[in-house]
Amino acid sequence: MDDHSLLAATREGDEAAFQEIVRRYRNQITNYVYRMIDDYDRAVDIAQETFVRVYMNMERYQATYSFSTYIYRIAHNLAITELRQRKRRRLIPLPTFFSDKDSEEVEVDLPDQGQVLADEAIIADERRQAVTTAIASLPEKYRAALVLCDLEEKSYEEISEVLGLPTGTVKSRINRARNLLKEKLRDIL
Amino acid sequence: MNCQKTREAIDAGIGKSVLAGHLANCSDCESYSNELSSLLSLLREQPRVEVPTDFEFRLKARIARAQAGEVESAVMPGWVSKLWTGSFSWVQATAATAAVALVVSVSTYQIYQNNHEVPTGSPVAVSNVSGRAESPVVSDEAPRQTVPTSERLASVRQLRQIEPQVAAVEETSAPSIDPAATANSMNIFNGDQGRMITTSSQMMLIGAEGSNGTGVSGSRNIGYVPSI
Ligand SMILES: [Zn+2]
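Every value quoted in this text rests on a predicted model; they were computed, and no experiment measured them.

About the criteria used
- Residues numbered from 1 in each chain as written.
- Chains lettered and ligands numbered in written order.
- Predicted model: local features only at pLDDT ≥ 70, side-chain atom pairs only at ≥ 80, totals over all residues.
- Heavy atoms only, no water.
- Donors = N, O, S within 2.8 Å, 3.2 Å for Na, K, Ca; no water.
- Tetrahedral: all angles 85-135°; square planar, octahedral: opposite > 155°, others 65-115°.
- Salt bridge = Lys/Arg side-chain N within 4 Å of Asp/Glu carboxyl O.
- Helix = DSSP H or I, 4+ residues; strand = E, 2+ residues; numbered from the N terminus.
- Core = buried A, V, L, I, M, F, W, Y, C linked by side-chain atoms within 4.5 Å.
- Buried < 20%, exposed > 50% of the residue type's maximum accessible area, 1.4 Å probe, protein only.
- Contact = heavy atoms within 4.5 Å.
- pLDDT = per-residue confidence, 0-100.
- Polar contact = N/O pair within 3.5 Å; in protein donor to acceptor, adjacent residues only side chain to side chain.

With that out of the way, let us pick up the coordination of the zinc ion. Here the zinc ion is held by C3(B) (SG), H22(B) (NE2), C26(B) (SG) and C29(B) (SG), and the distances to it run 2.1 to 2.3 Å. For the zinc ion, the four donor atoms in the first shell make angles of 102 to 118 degrees at the metal, so the coordination geometry reads as tetrahedral.

All told, the structure shown has 15 salt bridges over all chains when counted by the stated rule. Between R62(B) and E49(A) there is a salt bridge, with the nearest N and O atoms lying 3.0 Å from each other. Of the two residues, R62(B) sits in helix α4 (residues 55-72) while E49(A) sits in helix α3 (residues 40-56), which places them in two different chains. By sharing partners, the salt bridges in this structure join R42(A), D45(A), E49(A), R53(A), E82(A), R86(A) and R62(B) into a single network.

Residues Y32(A), V33(A), F51(A), F67(A), L181(A), L185(A) and L43(B) are the most contacted members of the largest nonpolar core, which totals 75 residues. It is helix α2 (residues 15-37) of chain A that provides the largest number of residues to this core, a total of 11 residues. Those residues in contact with L43(B), other than ones at most four positions away along the chain, are V131(A), I135(A), L146(A), D150(A), L151(A) and L181(A).

All names here are of chain B. In the predicted model, chain B carries a mean pLDDT of 57, and the fraction of residues at 70 or more is 30%. Per-element confidence in chain B ranges from a low mean pLDDT of 32 for helix α7 (residues 137-141) to a high of 93 for helix α3 (residues 27-45). A low-confidence stretch, residues 115-193 (pLDDT under 50), is modelled with 144 contacts involving residues beyond four sequence positions or located in other chains. Ignoring residues within four places in sequence, the model shows residues 197-228, a span with pLDDT below 50, making 93 contacts including any to other chains. The ipTM for the predicted assembly is 0.81, set against a pTM of 0.59.

As a further point, take the side chain of Q48(A). Relative to the helices and strands, Q48(A) is located in helix α3. Residue class for Q48(A) comes out buried when judged on its relative accessible area of 1%. Within the structure, Q48(A) has its side chain in polar contact with the backbone oxygen of F55(B) (distance 2.7 Å). Leaving out residues up to four positions away in the same chain, Q48(A) has contacts with F55(B), R58(B), L59(B) and R62(B).

Given below as structure tokens:
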């Protein structure tokens, strides 16, 4: 059953239909918000708030966009609100070893080639952590475009609808984000 | 195709086979292409987070609160309304309530055990503890144990004030607590201060919320609990 049919069923009082909507999107939305705000517990909280808003506005929802676009858009706006509130509270966690302003700190410290004891799993984990940190350190407008494109695998058109931007702007933000990441991750690419 | 067009094509995800002619003769564009491929692989390898096992359970409660909030906010007293409509987890609320009950029952039991201990010092009733340091009492005391031990009893002996109900039963001198202060309130043992305090249930719930002792939200296991 497609999303719109599930929403129609939910409006008719079918709770299982809404349950299916939640199952389909819960991890996607949580992952997107997590990548945006870099805080798992808050990401779960915001994902919940996203579903509450979907549910509470069920009657008003109109299928102008795909439901996927609609729910990502709600989640994106909540994530941006969270980031702004954090800025006001000055609680933005500092990236541990990356900084946009200091390219000297871009290097990622990996074990030497000759260090045979280095466990491949540890290296892989360090690489993942380096990528996570690099993504989190991107300016939020580039981060949103990149995460939607390269982690959530959304089309340019859908990203442009989620972010409310022309497709051309979306493409240039994605490229800018990738170029920033390439600089930050030069040593592991 | 020139370098700029080639790179635009690479950015747009055009396959290498289409661009092979240029890439074979241009090492700059080739390394640009390889670098982007490596980056995209790294991004695709990124682990995805998943919701905790109680996600639907909490969501269901949250939707119920949101629905009730629209109706209830006009009817409820301010603090009840705040709890009801706020982002307060019912899992935490349940745990907090249980913890409060445990503290009170354990303390009461221990006071009974020490039935000839005479409270010393001046009784102090805290009738309005909003925002004070007493709040951590739940997280500090509740999880320790369910059965009194000598250590715990020793701390009870240091009490300078006990619940008035217990004092009446024990026929010791009852501390003078303002009856108004005990309405909708409970007396609990504060470990930091080493004495009983009177506090509202609101205060205790908020204190317990701050402790986040349930730890449920940290779980990342996949699972499905109840229906929405
Ligand atoms: Zn070229």
